[in-house]
Amino acid sequence: MSADTTPSNQEANPPVDGKELIRFDKVTKRFGGNTVLDDLSFGVDSGKHVTLIGPSGSGKTTILRLLMTLLKPEEGTIRVNGDYLTHEERGGKLVPAGEKHIREVRKNIGMVFQQFNLFPNMRVLRNITEAPVTVLGLSKDEAESRARDLLELVGLTEHLDKYPSQLSGGQQQRVAIARALAMRPQVLLLDEVTSALDPELVAGVLDVLRDIARSTDITMLCVTHEMNFARDISDQVMMFDEGHIIETGTAEKIFGDPDHTRTREFLSAVL
Ligand SMILES: Nc1ncnc2c1ncn2[C@@H]1O[C@H](COP(=O)(O)OP(=O)(O)OP(=O)(O)O)[C@@H](O)[C@H]1O
């Protein structure tokens, strides 16, 4: 059981390289009678880029939604940086986590969704500065300076005064990536971030993510159907089937010489 106190600001609690940052322990998630994740345990080390692959409905997005606390597991615990996401310690006992605790742990986690979910009534710059100012308490100047650096990273410096509706889908998704990074999360969750894009816009977004994977030490957990991208960025690939990890290994191993027949069948269908 972790005796860590919840960090009041994620920047005060940087990840230690090689340390386990995410831990699922015997997690079961059901929707009614449908058991989507079944007694699932796995860990992700700090700084690693991990891709979840597997057939539609195998539970990949559910894992990301549990980490974002958009869903709660029926059984088991989830820890981020040693802190329980699902529970908190009170008087030496684990009790279901309260809203305040969840908000604090969640500051360590950024997510980019399939649909970009930008604030339509805010210009690009404000979309990125809003949460660092209101949630982290950064000054407007600090938040803007951080946002300008990120806009440069995602190649959108010249668009900072535009509204989301004036941008292409690919540009909007790059704003969403910058917005997630502006919170300086330890973990970036990417949920099929190119699935809603026109095909000609996909490469630009994936290039930005490759760049981020190469140039930052952020931990990435990624659900994607872009297998070449997964092969490029992943330190580890987890193959899911019916709520279980049936095989995990390096990208080279899983894409080159998987052990499991289901993995082979899945990859031959999608590659
Ligand atoms: N809110 C919900 N209510 C009921 N069932 C749900 C809900 N969310 C997901 N499910 C079910 O859980 C199962 C796993 O869904 P999930 O989205 O995690 O799969 P996935 O592996 O990400 O699939 P895909 O690759 O198609 O996105 C599916 O059977 C889905 O229908």
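In what follows, the structure referred to is the one given above.
Residues numbered from 1 in each chain as written. Predicted model: local features only at pLDDT ≥ 70, side-chain atom pairs only at ≥ 80, totals over all residues.

> Please clarify how the sheet that holds strand S9 (residues 187-191) should be interpreted in this entry.
Strands pair in a sheet through their backbones, by hydrogen bonds, and they do so in one of two ways: parallel or antiparallel. Spatially, S8-S9-S10-S3-S11-S12 is the arrangement adopted by the six strands of the open sheet, whose pairing is mixed. The open sheet has two edge strands, strand S8 (109-112) and strand S12 (244-249), and neither has a second partner. Adjacent strand axes in the sheet meet at a mean angle of 20° when their direction is disregarded. Pairing of S9 with strand S10 (residues 219-223), which is carried by five bridges, proceeds in the parallel orientation. Bridge pairing in S10 places Leu190 opposite Cys222. (Pairing = 2+ DSSP bridges. Helix = DSSP H or I, 4+ residues; strand = E, 2+ residues; numbered from the N terminus. Axes fitted to C-alpha atoms, helices over the stretch in contact; angles between N-to-C directions.)

> I would appreciate a short explanation of the sheet that holds strand S5 (residues 83-84) in the present structure.
The strand order across the open sheet built from four strands is S2-S1-S4-S5, with neighbouring strands paired in antiparallel fashion. Taken across any chain shown, the strands that pair with only one partner, and hence form the sheet edges, are strand S2 (34-45) and S5.

> In this structure, what is going on with the pairing of strand S6 (residues 87-90)? I would like to understand it.
Within a regular strand, side chains alternate between the sheet's two faces. Bridging between S6 and strand S7 (residues 93-96) involves four bridges; their strand directions are antiparallel. The residue of S7 that forms the bridge with Glu88 is Val95.

> Sorry if this is basic, but what is going on with the packing of helix H5 (residues 169-181) against helix H6 (residues 199-215) here?
In helix packing, the relevant descriptors are the interaxial angle and the interaxial distance, both defined with respect to the helix axes. Axis separation between H5 and H6 bottoms out at 9 Å; the angle between their running directions is 20°. In this view, H5 runs roughly parallel relative to H6, as classed from their interaxial angle. Taken as a pair, H5 and H6 cross one another with a handedness that is right-handed. Across the interface between the two elements, Gly169, Gly170, Gln173, Arg174 and Ile177 of H5 pack against Leu201, Gly204, Val205 and Val208 of H6. Partitioning the contact of H5 with H6 into residue classes produces four nonpolar, four polar and one charged. (Parallel < 35°, antiparallel > 145°, perpendicular 65-115°, else oblique. Left-handed = near helix turned anticlockwise from the far one by under 90°. Contact = placed C-beta atoms within 7 Å. Nonpolar A, V, L, I, M, F, W, Y, C, P; charged D, E, K, R; others polar.)

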